[in-house]
Amino acid sequence: MAANMYRVGDYVYFENSSSNPYLIRRIEELNKTANGNVEAKVVCFYRRRDISSTLIALADKHARELEEEMENSEMADLPEKQKHQLRHRELFLSRQLESLPATHIRGKCCVTLLNETEALKSYLDREDAFFYSLVYDPQQKTLLADKGEIRIGNKYQADITDLLREGEDDERDLTKLEEKIWDPNSSLTEKQIDQFLVVARSVGTFARALDCSSSVRQPSLHMSAAAASRDITLFHAMDTLHANGYDMTRAIAALVPQGGPVLCRDEMEEWSASEANLFEEALEKYGKDFTDIQQDFLPWKSLTSIIEYYYMWKTTDRYVQQKRLKAAEAESKLKQVYIPNYNKPNPNQLSNNVKPALLNGAAGAGAPGPPGSGQTPGLGRACESCYTSSSYQWYSWGPPNMQCRLCASCWTYWKKYGGLKMPTRLDGERPGPNRTSTSPHGLPLRHSGSPKFAVKTRQAFYLQTTSLTRVARRLCQDIIRPRYMARHPYLPVNTAAIKAECALRLPDKPKTLPQHKPIDRKPLESVVRYLEAHPRPFKPDLPTRGGSISTGSLTPIKSSPILNNGSPTILGKRTYEQHNGTKSKALTPQWDIMAKRVGDAGRPSASLQDEVHELD
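Not measured: the values here are computed from a predicted model.

1. Notes on the overall build of the protein chain
And step 1. Scanning the protein chain for helices and strands turns up 25 helices and 12 strands.
And step 2. Here the protein chain holds 616 residues, and the buried ones make up 33% of them.
And step 3. Residue pairs in contact within the protein chain that sit at least 24 positions apart in sequence constitute 64% of those at least 6 positions apart.
And step 4. Here the protein chain has roughly 40700 Å² of accessible surface; of this, 54% comes from carbon and sulfur atoms.

Okay, here's the thing in structure tokens:
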């Protein structure tokens, strides 16, 4: 019952897609809509896969600098698998709020601010545990360090000196360490001190009456007297009394110097009504994030002034009234909501009615069975994450054309943490069976498991197979069917099934396999020299198909027109050389035929030359 009860402040999983990982949010409010449904106003957290690669590099650089500053090499000592999984536990806080249906909640999680006192490996040991250290702005696409850092650690501790032994003198200069501002053992009594403070308040009230700006802000006498009774006036009075050696006569004279009474005003008096309204609006939006309040609402105020005004503002009736209004609003809102377990089947579940046959990898994994056979595509494939071939439930994962799947355990890990348990080949690890570099959304994956738009490059690569792979090719030729697979290059191959079959057949075969006939390949220089010494012989042009020309007479040539059978456009009537520019001057078919005729009949006569010119 308690596990299904969600309250304000809880960190929860939200599901917005059956195939995508859960969203991680913090509940700020629970509101009941007009139609009776419950909506949750939540704060958004983002995963590494949700932000750009540029910001990911910036976050990694920040983490390395933090490790160097703390002199902590824990991350470097972790195995690659744990480093890979630890990236799935990192989140980025945002100030973005959104409203989501409460029925989409799928469970609770824990999100904490990263600090140096907690080991990174502890997050891997706990289920549903995440951490964050940076704030992500989805509008500006920026990362900032969180202002709410808990100052715990050696660098935040005070340096405590050794305890002095009995009779040992303190050699420190106490005047440089502290300054005495009040002496409680003075000759004045408590009554005399109170009388002096009343005189100081009276002088402050008179000073405000003489000041034009103060008379506008405090038009009545009781408002001026209240302003003169604030702490700033009392602090000034006590400092004046201490500075004059607790002599009442000299201290009263110091309150009213030659130019008139001293006017002491704090931030509450310095701020105008419009500035106070801006501050309250900013406080409602950002909370106690005074840096953002200064940047977005009060850039002409100093950070010290804003902080001082905040703590003075908390002592006013305005703050008390707003606190009562918020308490009344909170009473009218929901405190908690009960969400039952979500038991509907996931659309990505695969049927387990048919046993996976240990057949040819292509037929058992990628190619669907014959019509009416009821065979489920992809049942012969291993899990894309842990490479297991047995699970009580399978889920389709990735683009449909890739026929990938995950076991039940890895599917739960994918939904919660937004990645696979094992690193992909892009992480520098070995490629597993069925491994592709594609995300479930059809996009190439980065090392963090995040989708990233990329294009295929033209860089050369060298595919080097292992000894076991080469042995499997020769032992399992009846399963692999190399000729069939060569003619169908886009069919996936179930390497897990082939490796399993190879492991069964390998002990029955002799330990030394027959070797291929070695091929003596000549160096490139000898091949080049041979081609230079034996150039390609001249090949005469073949006769052109089409019109027939009589070689016995000099009558005008009549040839059948060249038809454009391949394309309905005019470009089809041009020759290949004219399309591609391989010849500087292309000949028409008629001219080419006449040239052959002239070559066959010897030197043409004048009438034949005229006929040729006429054709040209």
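2. As for the pairing of strand S11 (residues 394-397)
And step 1. One ladder, built from 2 bridges, connects strand S10 (residues 349-350) with S11; its direction is antiparallel. If you follow Leu350 over to S11, its bridge partner there is Trp394.
And step 2. Where S11 meets strand S12 (residues 404-407), 4 bridges bridge the pair, whose relative direction is antiparallel. Counted as the bridge partner of Ser396 is Arg405 from S12.

3. Focus: the pattern of salt bridges
Two side chains that carry opposite charge are able to pair once their charged atoms sit near each other.
And step 1. For the structure shown, the criterion picks out 18 salt bridges.
And step 2. With a closest N to O distance of 3.4 Å, Lys301 and Glu275 form a salt bridge. Linking Lys301 in the loop between helix H13 (290-296) and helix H14 (303-313) with Glu275 in helix H12 (residues 273-286), this pair joins segments that are 26 residues apart in sequence. Side by side, Lys301 and Glu275 carry an identical accessibility label, which is buried.

4. Focus on the nonpolar core
And step 1. Judged by nonpolar contacts, the single largest core of 16 residues is most densely connected at Ile24, Phe45, Leu91, Cys109, Val111, Phe130 and Tyr132.
And step 2. One finds Phe279, Ile293, Phe297 and Leu298 within the second-largest nonpolar core, a separate group that totals 15 residues.

5. Description of the packing of helix H6 (residues 190-210) against helix H10 (residues 248-255)
And step 1. Axis separation between H6 and H10 bottoms out at 10 Å; the angle between their running directions is 15 degrees. Relative to H10, the element H6 lies roughly parallel. When you trace H6 past H10, the crossing you get is right-handed. Contacts between H6 and H10 pair Gln192, Phe196, Val199, Ala200 and Val203 from the former with Met248, Ala251, Ile252 and Leu255 from the latter.

6. Brief notes about the packing of aromatic side chains
And step 1. For the coordinates displayed, the defined rule picks out 21 aromatic pairs.
And step 2. Ring centres 6.4 Å apart and planes at 55 degrees place the aromatic pair Phe279 and Tyr310 in the tilted group. Of the two residues, Phe279 is situated in helix H12 and Tyr310 in helix H14; the sequence distance between them amounts to 31 residues. There is no split in this pair, since Phe279 and Tyr310 are both buried.
And step 3. Among the aromatic residues, those joined into a ring-pair cluster are Trp271, Phe279, Phe290, Tyr309, Tyr310, Tyr311, Trp313 and Tyr319.
And step 4. Positioned over the ring face of Tyr417 is Arg89, at 4.2 Å from the centre of the ring.
And step 5. The aromatic ring of Tyr484 is capped on one face by Arg481, whose charged end is 4.3 Å from the ring centroid.

7. Quick look at the sheet that holds S10
And step 1. Taken in spatial order, the 3 strands make up an open sheet running S10-S11-S12, and their pairing is antiparallel. In this open sheet, the two strands that pair with only one neighbour each are S10 and S12.
And step 2. Each of S11 and S12 touches helix H17 (residues 408-417); the most contacted strand, S12, lies at about 95 degrees to it.

8. Considerations on helix H9 (residues 231-243)
And step 1. Across its 13 residues, H9 extends 18 Å between first and last C-alpha, which sits within 8% of the 18 Å expected from 1.5 Å per residue.
And step 2. The complete set of buried residues in H9 reads Thr233, Leu234, Ala237, Thr240 and Leu241. The arc enclosing the buried residues of H9, seen along the axis, measures out at 125 degrees, which places them on a common side.
And step 3. Positive phi appears at Gly245, one or two residues downstream of H9, with a value of about 70 degrees.

9. Brief notes about the state of the cysteines
And step 1. For the structure on display, the rule yields 0 disulfides.
And step 2. For the unlinked cysteine Cys110, the closest cysteine sulfur is that of Cys109, found at 7.6 Å.
And step 3. Residue classification places Cys110 among the partly exposed residues on the basis of a relative accessible area of 34%.

10. Comments concerning unusual backbone geometry
And step 1. Of note, the phi angle at Lys141 is positive, near 55 degrees, even though the residue is not glycine.
And step 2. Inspection of the secondary structure assignment puts Lys141 in the loop between strand S7 (129-137) and strand S8 (142-145).

11. Regarding the packing of H6 against H9
And step 1. H9 packs onto H6 with a crossing angle of 125 degrees between their chain directions and a minimal axis gap of 9 Å. Our classification of the angle between H6 and H9 gives oblique. Every pair of crossing elements has a handedness; the one defined by H6 and H9 is right-handed. Packed against H6, whose contacting residues are Phe196, Leu197, Ala200, Arg201 and Arg208, the element H9 presents Thr233, Leu234, Ala237, Met238 and Leu241 at the interface.
And step 2. Each residue belonging to the contact of H6 with H9 can be placed in one class, and the counts come to 7 nonpolar, 1 polar and 2 charged.

About the thresholds
- Within each chain, residues carry numbers counting from 1 in the order of the written sequence.
- Whole-chain, interface and lining totals are the exception, using all residues; otherwise, since this is a predicted model, local features are given only for residues with pLDDT of at least 70 and side-chain atom pairs are given and counted only at 80 or more.
- Derived side-chain values reflect all non-hydrogen atoms in the structure, with water molecules and hydrogen atoms excluded from consideration.
- For helices the rule is a DSSP run of H or I covering at least 4 residues; for strands it is a run of E covering at least 2, with both sets numbered from the N terminus onward.
- In this scheme, a residue with accessible area under 20% of its type's maximum is buried, one over 50% is exposed, and one in between is partly exposed, where area comes from a 1.4 Å probe on protein chains only.
- Here, two residues are considered to be in contact whenever any of their heavy atoms come within 4.5 Å of each other.
- Areas reported here follow the Shrake-Rupley algorithm with a probe of radius 1.4 Å; residue values treat only the protein chains shown as occluding.
- Strand pairing follows a simple DSSP-based rule, namely that at least 2 bridges must link the two strands.
- For salt bridges, the criterion is a side-chain nitrogen of Lys or Arg within 4 Å of an Asp or Glu carboxyl oxygen.
- Among the buried residues, those of types Ala, Val, Leu, Ile, Met, Phe, Trp, Tyr and Cys that are joined through side-chain atoms within 4.5 Å form a nonpolar core.
- To obtain an axis, a line is fitted to C-alpha atoms, over the contacting stretch when the element is a helix, and the angle between two such axes runs from 0 to 180 degrees between their N-to-C directions.
- Reported orientations rely on four angle classes, namely roughly parallel under 35 degrees, roughly antiparallel over 145, roughly perpendicular from 65 to 115, and oblique for the rest.
- Here a crossing is called left-handed whenever its near helix is offset anticlockwise from the far helix by less than a right angle, and right-handed whenever the offset is clockwise.
- In this scheme Phe, Tyr and Trp rings, the latter by its six-membered ring, pair at centre separations within 6.5 Å, and the angle between planes marks the pair as stacked below 30 degrees, edge-to-face above 60, and tilted otherwise.
- Geometrically, a lysine NZ or arginine CZ counts as sitting over a ring once it is within 6 Å of the ring centre and also within 35 degrees of the ring normal.
- Take the residue count of a helix, subtract one, and multiply by 1.5 Å to get its expected span.
- The arc in question is traced by the directions running from the helix axis to the C-beta atoms.
- Here, the term disulfide refers to a pair of cysteine sulfur atoms separated by no more than 2.5 Å.
- Basically, the charged four are Asp, Glu, Lys and Arg, the nonpolar ten are Ala, Val, Leu, Ile, Met, Phe, Trp, Tyr, Cys and Pro, and anything else, Gly included, counts as polar.

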